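# Structural features, examined
Residue-level listing of the chains:
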There are 2 protein chains.
Amino acid sequence: MRDGNENDPTDLPRYISAHEVAERAGVSRSAVSRTFTHGASVSPATREKVLRAAEELGYQVNDLARGLLANRSQLVGMIASDPETPFRALQISTLSRLLIENGRVPVLITTDRSETGQASHETLLRYRAQATIVLSGMPSKAFIDLAQRNGQPLIAVGRSEEGPDHVRVNNALAAQTVVQIFAARGMARIGLVTSAVGSPNLVERERAYVDAARNAGLEVVVERAERTDYEGGTLAASLLLSPQRRIEGVFCVNDLMALGVMDYARNMLGLAIPADLSVIGFDDIPQASWGAYRLTTFQQSAERQAREILRILDRRLSDPHAPPIISELDVPLIMRDTVRSPKPGKGKGEQTFTTARTTEGTEK
Amino acid sequence: MRDGNENDPTDLPRYISAHEVAERAGVSRSAVSRTFTHGASVSPATREKVLRAAEELGYQVNDLARGLLANRSQLVGMIASDPETPFRALQISTLSRLLIENGRVPVLITTDRSETGQASHETLLRYRAQATIVLSGMPSKAFIDLAQRNGQPLIAVGRSEEGPDHVRVNNALAAQTVVQIFAARGMARIGLVTSAVGSPNLVERERAYVDAARNAGLEVVVERAERTDYEGGTLAASLLLSPQRRIEGVFCVNDLMALGVMDYARNMLGLAIPADLSVIGFDDIPQASWGAYRLTTFQQSAERQAREILRILDRRLSDPHAPPIISELDVPLIMRDTVRSPKPGKGKGEQTFTTARTTEGTEK
DNA sequence: GTGAAAGCGCTAACAC
DNA sequence: GTGTTAGCGCTTTCAC
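Calculation criteria
- Residues numbered from 1 in each chain as written.
- Chains lettered and ligands numbered in written order.
- Predicted model: local features only at pLDDT ≥ 70, side-chain atom pairs only at ≥ 80, totals over all residues.
- Heavy atoms only, no water.
- Near = heavy atom within 4 Å.
- Polar contact = N/O pair within 3.5 Å; in protein donor to acceptor, adjacent residues only side chain to side chain.
- Helix = DSSP H or I, 4+ residues; strand = E, 2+ residues; numbered from the N terminus.
- Contact = heavy atoms within 4.5 Å.
- Buried area = accessible area lost by both parts, 1.4 Å probe.
- Salt bridge = Lys/Arg side-chain N within 4 Å of Asp/Glu carboxyl O.
- Buried < 20%, exposed > 50% of the residue type's maximum accessible area, 1.4 Å probe, protein only.
- pLDDT = per-residue confidence, 0-100.
- Axes fitted to C-alpha atoms, helices over the stretch in contact; angles between N-to-C directions.
- Parallel < 35°, antiparallel > 145°, perpendicular 65-115°, else oblique.
- Left-handed = near helix turned anticlockwise from the far one by under 90°.
- Nonpolar A, V, L, I, M, F, W, Y, C, P; charged D, E, K, R; others polar.
- Pairing = 2+ DSSP bridges.
- Right-handed = clockwise from strand over helix to strand, strands pointing away.

Looking at an unreviewed UniProt entry, one finds chain A named DNA-binding LacI/PurR family transcriptional regulator and attributed to Rhizobium aquaticum.

In structure tokens:
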């Protein structure tokens, strides 16, 4: 058996090539290729032989070679800062799962908030990734150009500017809803807790909130922490909630900050929520529903967002010249226990108010 | 200018090849290759010409072709279930960052807890990934064999069995430390909250805890939820903390469950922590330090873990035949506010007890 | 230091 | 339906 000997003393394991499978199966190299190529035609007999040989040898198609030929791999890049943060982690998790279910291979590129992400993006170009999804931050112009120039689709999440395809959220409507609720509760002085990050989502929420508050004749105070995280929330709370200010309701641009605000208000200032202070967040991260918080917040569905991203990706791949595809998602308000009731007998339990209409997509 | 015309009416952007760069720079194809190959020798003059041409054309080396030649890509797979969970998200985030810093490309493969992960792993083989890191779950035998057979290194986290390289944690020592602390506080009836998942880490923690408790003459009750998450914690608490049982201290196999236990104990049973009930967790997720919890817990450093993984990876790549590499990490106990004091004047603030020695690695 | 030529593993176009 | 052939973009001998 000098041919298919399994006990080769050069014991370094290595990948098997289609050539070896062909030899073992007694067919041509292309027959092997065809059995593993979707939609190619092989007779059941050959196919069977090939499959057996492949199985025995432990053959795995080389997708590097396939990609080289197609000038495109199945890789899809996800660019994100703070990937360990609850909502971002959920986005990444959900998107990865969906990509895998669709035969794609998710690559996770982490960036600093400060970075342009340029260097990271080049990796995705060099591997001929099918597309790049920017989950956070604002891709720089150079970044967008580079993708454009090489014909790699780029899909952004949570931006509003013109340019690449993106999926967004109706921040303004959410912010207006908050003001409406606070006003209906008879509040006169309300606050906004945000960060200095300045991402489009946060800026939109802030602007719409402040505008709506002014229009409603409410006094509004904006507190800005350095980062959009739990510690930022506690810090903002320490500045915003001085007794003389007598803030009655706070809208936080994300849940993480809201939870920091709540903990600070309760533990450091001895405030009762919602009796002394109402708090509303954004995202509906898992922690928002925990017993210690029961935060009223706007629900951003990572699942729907991921589905939209995939839909955009498919459309974009099938028509590279289509105009920018933009998808807007609902953010229903989840009523929990951090907003004081307007009158007795209301607002307990978990109610869902849909506050924004669906602009795109109705599947499932 | 029929040669380098930039306004090609066939407006589909595409990737540039080294051939085109060579033409524009007026050098040979290999000269281009050499400028982009680390350690190859090119004259400064040629190099300069090539770099300019590449820049102008927006050239990106095709790593698919490179990998085809090398029979190995820079991809590194991370296999994980529940990637949205706080500690797992931190592991993924940290590991991704380190991999990128080291020129690797992290691929995130999500699996169901139930899945063998076999199908996902094949993707990594087909792309000739440099290695697979299993962050959770137990890779099946078939899975391990497949990697082995194709010569792809596989590194596991949190297992104890023989077989692949792995980084582990001294679960037994941590569990024993908990019992020691509870005993020193004069407790007689203690509990363990875990899940039915049965991962090696959890099993080790449980066994060591129960054994230590029995040896110390403490009565110990084990409560097992279906999953190792927040809801599992609340459920376990509801079963474990019946008034007649009078449990005084609970060790939870991870922080997520511990937080669920705390919320249930406080909100549903009206217990004060730590006056009525002491709680100790494991992992030190960000939420553990939040004001609402201030959980005493064992700190698992994602950063050190990731560094160890990279160290193992490098060693393994440089010597494929080395015996299994095993690395054990410390889990210092972070004393916060969920364990009652043995006597007045102790246990406030945040103290760090190092409970396990370092077995491997001292860099940085 | 440079260019020519071979070949990595694969798919697709082409004959039969 | 099958085998033969060419070629994807790259690195790496090999001459010079």
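Having seen the structure, we can now continue with the description.
## A look at the protein's contact with DNA strand D
Around DNA strand D sit 23 residues in total, of which A:S30, B:R29, B:S33, B:R66 and B:L69 are the nearest. Taken together, the sugar and phosphate atoms account for 53% of what DNA strand D places within 4 Å of the protein. At a separation of 2.6 Å, a phosphate oxygen of DNA strand D approaches a polar backbone atom of B:A18. At a separation of 2.6 Å, a phosphate oxygen of DNA strand D approaches a polar side-chain atom of B:Y59. For the surface near DNA strand D, the secondary-structure elements that each account for two or more residues are α2 (29–36) and α4 (63–70) of chain A together with α2 (29–36) and α4 (63–70) of chain B. Considering every element that reaches the surface near DNA strand D, the biggest residue donor is α4(B), with four residues.

## Re the interface of chain A and chain B
The partner chain B presents 62 residues to the 62 residues of chain A that form the contact. Where chain A abuts chain B, roughly 5700 Å² becomes buried across the two surfaces, and 59% of that area is made up of carbon and sulfur atoms. The tally of links between chain A and chain B comes to two salt bridges. With a closest N to O distance of 3.1 Å, B:D63 and A:R126 form a salt bridge. The interface formed by chain A and chain B includes 20 residue pairs in polar contact (both at pLDDT 80 or more).

## Some thoughts on unusual backbone geometry
Most peptide bonds are trans, and most residues other than glycine sit at a negative phi. All names here are of chain A. Residues I273 and P274 are joined by a peptide bond in cis, for which omega reads 10°. With respect to the helices and strands, P274 occurs in the loop between α11 (255–268) and β9 (278–283). Positive phi outside glycine occurs at R128, with the angle close to 50°. By the secondary structure assignment, R128 is in the loop between α6 (118–126) and β3 (131–134). Residue class for R128 comes out buried when judged on its relative accessible area of 3%.

## Some details on the confidence of the model for chain A
Across chain A, the average pLDDT comes to 89, with 89% of residues at 70 or higher. The low-confidence segment residues 1–9 of chain A (pLDDT under 50) makes one contact with residues lying over four places distant or belonging to another chain.

## So, the protein's contact with DNA strand C
A:R29, A:S33, A:R66, A:L69 and B:T46 are the nearest of the 23 residues found near DNA strand C. Sugar and phosphate atoms constitute 53% of the interface atoms of DNA strand C, taking the interface as everything within 4 Å of the protein. A distance of 2.2 Å separates a phosphate oxygen of DNA strand C from a polar atom in the side chain of A:S33. The contact in question runs from a phosphate oxygen of DNA strand C to an N or O atom on the side chain of B:S28, over 2.9 Å. Counting only elements with at least two residues in the surface near DNA strand C, the list comes to α2 and α4 of chain A together with α2 and α4 of chain B. Among the elements that line the surface near DNA strand C, the one with the most residues is α2(A), at four residues.

## With respect to the packing of helix α6 (residues 118–126) of chain B against helix α7 (residues 141–150) of chain B
All names here are of chain B. Put simply, α6 and α7 touch, their axes get as near as 10 Å, and they point 15° apart. Taken together, the axis directions place α6 and α7 in an arrangement best described as roughly parallel. Our pair here, α6 against α7, has a crossing hand that is right-handed. Contacts between α6 and α7 involve Q118, H121, E122 and L125 on the former and, on the latter, A142, F143, L146, A147 and N150. For the contact of α6 with α7, a count of residues per class yields five nonpolar, three polar and one charged.

## Side note on the pairing of strand β6 (residues 189–195) of chain A
Residues and elements named next belong to chain A. Across the seven residues of β6, seven count as buried, placing the element largely inside the fold. Alternating residues of β6 divide into R189, G191, V193 and S195 and I190, L192 and T194, and every residue in both groups is buried. Here β6 pairs with strand β7 (residues 219–225) via seven bridges, running parallel. Bridged to L192 within β7 is V222. With respect to chirality, the unit in which β6 leads through helix α9 (residues 200–215) into the neighbouring parallel β7 is right-handed. Bridge count between β6 and strand β8 (residues 249–252): four bridges; the pairing is parallel.

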